[in-house]
Amino acid sequence: MQGGSLMVWKMWLGLLSSGWKALKWGGVFSAECPRHVAQPIDQKLREEYDVDCGFHDTAQLLLYDGTFEEAMQGSRYQSRPLAVYIHASEHSDTASFVTDTLGNPTLCRALRETIVLWAADASSAEGRLFTQKVEAVAFPLFCVVHTAGQGVVVHTDAGQGVVVLKVEGKVDAMQLMRRLNEACEICQSNDSQTRLVEESRRFREETATALAEALLVDTQALRERHRREQDTDAAREQLEHAHEQLELDRQQQLRRQRESLAALQQRLRASLPAEPDADAAGVLTLKISLPNGDSLHRRFSLSDPVQVVYDAVKCHQAYDGCDFHLSSYPCTHLDPSAKLSDYGLHSRAVVRMVPT
């Protein structure tokens, strides 16, 4: 068995013997992890390997000061991948990896410019848990964790990360830089896919929102049109009802007028004097021209009042109940209260009915 594998098995046996409770795969990363202050690993790398590392900006190898969960949040805030180094002092390849690989100035500069670097000792709680999560079998362990993509998923309270690079065992600086470049390209591709997915999701949401708003506007417009149509129908019904009522009132009024006229004509016929004989003395034959073109021929006695002529006209079937007066030629108005003999009318005189 390789030395790295033996080291991992020893660590896991130590966890079991000390009663440390392992988390289930996919659980929250920080649930069983106390805050790990990276100062011991910072001191260890400086004192044992003479590497210029620390949490300040002037350090050659810049480490993130905080827990793994805080480092995840920092990488998201800076929009950079998160590199995780798990340090195992007892492993034979650790010294050369720290001194020659991590201590390489070119690699340090690349890490400072593109990566958020978080380190933990393999014997610490967070170091042990991360080792278990990624199923590491050898040391040194160097991983790159990103917020999206395909791979081993590491969960924290700050969200989940995907292990896009896992380097186990000794590797030189150039090899690690090449692997880091590949990991950064994967992260950029994942970011692009994530942005596309997010843009697609946002587009779908905006489209759905716009459609919902348009549907709401159309529904409101449809309801308003329906309400106006109902109002129009109600107004039309009211107008039709008013017209029907007016027509009914008019018909009733006409019926009452006809009934009143018929009663009047019946009374007038009953009281109208009979026509005198044609050869009797003092008889006047009048031709009364009616407005509709008809003529009424009737004999009257010169001693009859003019009112009798008016009554005879009212008894004619063409009379419609209108007000009128009688006029003889040329334009003599016949007063109903006078007598026919007062106007010097000759036999077969013509009288016109003039509506007023």
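Residues numbered from 1 in each chain as written. Predicted model: local features only at pLDDT ≥ 70, side-chain atom pairs only at ≥ 80, totals over all residues. Heavy atoms only, no water.

Draft legend 1. Expanded view of the side chain of Asp304. Looking at the secondary structure, you find Asp304 in the loop between strand 9 (295–301) and helix 8 (306–314). With no salt bridge to any partner, buried Asp304 finds its closest opposite charge in Arg298, at an N-O distance of 5.8 Å. Each residue touching Asp304, except ones within four places of it in the same chain, is listed here: Lys339 and Leu340. (Helix = DSSP H or I, 4+ residues; strand = E, 2+ residues; numbered from the N terminus. Buried < 20%, exposed > 50% of the residue type's maximum accessible area, 1.4 Å probe, protein only. Lys, Arg positive; Asp, Glu negative; His and termini not counted. Salt bridge = Lys/Arg side-chain N within 4 Å of Asp/Glu carboxyl O. Contact = heavy atoms within 4.5 Å.)

Draft legend 2. View of helix 4 (residues 94–102). Among all positions in helix 4, only Thr94, Phe97, Val98, Thr101 and Leu102 are buried. For helix 4, the arc enclosing every buried residue in end-on projection is 110°, short of the 170-degree limit, so these residues lie on one face. (Arc of directions from axis to C-beta.)

Draft legend 3. View of the sheet that holds strand 10 (residues 324–328). Within the open sheet, the five strands sit side by side as 9-8-12-10-11. Their pairing is mixed. Looking at strand neighbours, the two that pair on one side only are strand 9 and strand 11 (332–334), the edges of this open sheet. Across the sheet, the axes of successive neighbouring strands diverge by a mean angle of 35°, strand direction being ignored. Relative to strand 9, strand 8 (residues 283–289) runs antiparallel, the two sharing seven bridges. From the neighbouring strand, Val283 faces strand 9, where its bridge partner is Ser301. Across the sheet, helix 8 lies against strand 8, strand 9, strand 10, strand 11 and strand 12 (349–355), angled at about 120° from strand 10, the strand it touches most. (Pairing = 2+ DSSP bridges. Axes fitted to C-alpha atoms, helices over the stretch in contact; angles between N-to-C directions.)

Draft legend 4. The arrangement of the layout of surface pockets in detail. Counted as a void, the largest pocket has a volume near 170 Å³. Forming the boundary of the largest pocket are 13 residues, of which Leu62, Leu63, Tyr64, Gln78 and Val116 lie nearest the centre. (1 Å grid on protein atoms, 1.4 Å probe; cavity = no way out; pocket = protein on both sides within 12 Å on 5 of 7 lines; lining within 4 Å. Points joined across faces, edges and corners; volume = space filled by probe spheres on them.)

Draft legend 5. Summary view of unusual backbone geometry. Here the bond from Phe139 into Pro140 is cis, since omega is -5°, no more than 30 degrees from zero. Despite not being glycine, Asp50 shows a phi value in the positive range, around 55°. Looking at the element boundaries, Asp50 is found in the loop between helix 2 (39–49) and strand 1 (53–54). By relative accessible area, which is 70% here, Asp50 ends up exposed.

Draft legend 6. Structural context of the environment of Thr356. When you line up the elements, Thr356 lands in the segment after strand 12. Residue Thr356 is classed as exposed on the basis of its relative accessible area of 65%. Residues Thr356 and His325 lie 31 residues apart in sequence; the distance between their C-alpha atoms is 7.0 Å. Setting aside its immediate chain neighbours within four residues, Thr356 contacts Asp323, Phe324 and His325.

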